[in-house]
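Structural features, examined
Each chain is listed here by its residues.
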Amino acid sequence: MATQMAAGVKSGWRAQSIWAEMIAEFLGCFVLLAFGVGCVAVAVVGLTESGRTLVIFQGAGGWLLITWGWAMAVAMAVYVAGGVSGAHINPAVTLAFALRGNFPWRKVLPYWVAQVVGCFAGAAIVYYDYFLAIDKWNLVHHVVSRAAPGGMTTFSIFATFPAAYYGNQMGLALLDQVIATFFLLLFVLAIIDNMNVGPGANLAPLMIGFAVAAIGMSFGVGTGYAINPARDFGPRFFCWLQGWGANAFPGPHGYWWVPIVGPLIGATIAVYVYEWLISRTLCARAKLLQEKQPRVEQKGLGFKLEKLQKALDEVRKQIEEQEAKS
């Protein structure tokens with residue numbers, strides 16, 4: 001033990017217990033919701049009730065504020081928790097890593113619990129910072145109760161709901177969540193793949209944030225792009241406790257289950273699509289490259305593409321010359 005401590009090897013629960021990882025996931029989700037929900041609060045009630053803006057969502061500016069706000073929230077959350085837990089900060093990501101075999105199944109439920117609690121706490125801190133603006137907005141717009149239909153506007157600060165054009169077709173809303181989360185996991189798997197064109201240095205969290213921004217701008221308006229069961233369920237439960245009633249549970253047309261089930265399905269599909277269409281090709285090429293050129297230069301998180309292509313071309317040329325001689 002003395003030798004280990006002298007060498008700087010840490011021991012104890014922080015180094016060995018799953019509780020340390022759960023705390024990191026909690027804090028990552030807390031940051032995610034504090035800044036993600038916080039930017040929505042600014043757009044919906046903060047700017048208007050502070051007198052800085054007269055009308056919410058005038059043009060596309062409000063939506064751009066939200067998409068970029070959530071992007072930065074994701075990036076900062078990953079930077080906060082990444083070194084301890086890998087910063088899943090999303091039950092769909094945790095499920096995807098377990099399905100790939102990169103994450104032990106025994107940790108899935110503890111991570112999910114930590115993520116939901118962290119999102120609940122993140123929503124709570126935004127609420128207690130903005131509750132006066134929320135109440136003032138309701139007063140100005142003659143919303144007599146948070147549970148009334150007019151209460152959906154302030155509820156939307158915290159959790160998601162389907163666009164009016166879906167009507168009661170929750171199957172289509174589910175499809176929207178499946179598609180959006182499929183792309184999220186596809187991007188995450190590509191960004192963190194050491195054999196793919198990974199970002200240099202420690203820019204992966206920022207690139208994941210950009211991925212979330214892209215999804216919000218392209219697939220966000222249908223259901224509010226929860227793409228994360230904990231991000232929606234934790235704040236939704238908090239809102240139910242704070243009096244939003246049926247706006248939170250069961251939500252419009254019983255919507256509450258859609259941002260839970262949809263992301264889990266989308267993440268599962270993305271795992272197998274990436275595995276079969278990208279990952280296996282990268283593994284095969286890496287194996288061939290190691291056999292022919294074991295000391296290949298590396299750059300960032302993956303092989304430098306030019307070096308890989310040059311080595312593969314040399315291998316093909318050798319094979320062609322051998323076939324020509326025979």
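Residues numbered from 1 in each chain as written. Predicted model: local features only at pLDDT ≥ 70, side-chain atom pairs only at ≥ 80, totals over all residues. Heavy atoms only, no water.

1. Some words on the overall build of the chain
If you tally the helices and strands in the chain, you get 12 helices and 2 strands. Shown N-terminal to C-terminal, the secondary structure of the chain runs as helices and strands in the order α-α-α-α-α-α-α-α-α-α-α-β-β-α. Here the C-alpha coordinates of the chain stretch approximately 85 × 55 × 35 Å along the principal axes. Taking all 326 residues of the chain together, 47% fall into the buried category. As displayed, the chain offers around 16500 Å² of accessible surface, 65% of which is attributable to carbon and sulfur atoms. (Helix = DSSP H or I, 4+ residues; strand = E, 2+ residues; numbered from the N terminus. Buried < 20%, exposed > 50% of the residue type's maximum accessible area, 1.4 Å probe, protein only. Areas by Shrake-Rupley, 256 points an atom, 1.4 Å probe, with all protein chains shown as cover.)

2. Regarding the packing of aromatic side chains
As enumerated under the stated definition, the model contains 22 aromatic pairs in all. With centroids separated by 6.2 Å and ring planes inclined at 80°, the aromatic side chains of tyrosine 127 and tryptophan 244 adopt a geometry described as edge-to-face. Of this pair, tyrosine 127 sits in helix H6 (residues 108-140) while tryptophan 244 sits in the loop between helix H10 (229-241) and helix H11 (258-292), and the two are 117 residues apart along the sequence. Exposure remark for tyrosine 127: the relative accessible area of 6% places this residue in the buried category. A relative accessible area of 0% means that tryptophan 244 is categorised as buried. Lying across the ring of tryptophan 244, arginine 146 places its NZ or CZ 4.6 Å from the centre. Over the ring of tryptophan 276 we find arginine 280; its NZ or CZ atom is 4.0 Å from the centre of that ring. (Phe/Tyr/Trp six-rings, centres within 6.5 Å; stacked < 30°, edge-to-face > 60°. Lys NZ or Arg CZ within 6 Å of the ring centre and 35° of its normal.)

3. A few points about the pattern of salt bridges
Applying the stated criterion across every chain yields a total of 5 salt bridges. In this structure, arginine 146 and aspartate 135 form a salt bridge, with 2.9 Å as the shortest nitrogen-oxygen distance. A residue pair is termed long-range when its members are at least 10 positions apart, and arginine 146 in the loop between H6 and helix H7 (152-155) and aspartate 135 in helix H6 qualify at 11 residues. Looking at arginine 146, the relative accessible area reads 14%, which means it is buried. (Salt bridge = Lys/Arg side-chain N within 4 Å of Asp/Glu carboxyl O.)

4. Some words on unusual backbone geometry
In this structure, the amide linkage connecting phenylalanine 249 to the following residue, proline 250, adopts the cis form with an omega of 5°. Here proline 250 lies in the loop between H10 and H11. In this model, isoleucine 89 sits at a positive phi of 40°, which is unusual for a non-glycine residue. Locating isoleucine 89 in the fold gives a position in the loop between helix H4 (61-85) and helix H5 (91-100). Positive phi, close to 60°, is recorded for histidine 142, a residue that is not glycine.

5. Side note on the environment of methionine 217
Here methionine 217 shows up in helix H9 (residues 204-219). The partly exposed category is assigned to methionine 217, whose relative accessible area is 38%. Taking C-alpha positions, methionine 217 is 8.1 Å from tryptophan 63, a pair spaced 154 residues apart along the chain. Each residue touching methionine 217, except ones within four places of it in the same chain, is listed here: Trp63, Leu64, Thr67 and Trp68. (Contact = heavy atoms within 4.5 Å.)

6. Topic: the nonpolar core
Leu32, Trp70, Ile157, Phe158 and Trp244 are the most contacted members of the largest nonpolar core, which has 67 residues in total. Considering every element that reaches this core, the biggest residue donor is helix H3 (residues 18-49), with 12 residues. In this structure, isoleucine 157 is in contact with Val37, Val40, Ala41, Val44, Val45 and Ile134, ignoring residues within four places of it in sequence. (Core = buried A, V, L, I, M, F, W, Y, C linked by side-chain atoms within 4.5 Å.)

7. Re H4
Spanning 25 residues, H4 covers 35 Å between terminal C-alpha atoms, matching the ideal 36 Å at 1.5 Å per step. At tyrosine 79, H4 shows its maximal bend, which comes to roughly 35°. At the C-terminal side of H4, glycine 86 shows a positive phi close to 90°. (Expected span 1.5 Å × (residues − 1). Bend = angle between axes of the 7 residues up to and from the residue.)

8. Topic: the environment of alanine 75
Considering the arrangement of structural elements, one finds alanine 75 in helix H4. Given the relative accessible area of 0%, alanine 75 is considered buried. Remark: the alpha-carbon pair of alanine 75 and tryptophan 257, spanning 182 residues in sequence, is separated by 26 Å. Once residues within four sequence positions are removed from consideration, alanine 75 is found in contact with Pro205, Leu206 and Gly209.

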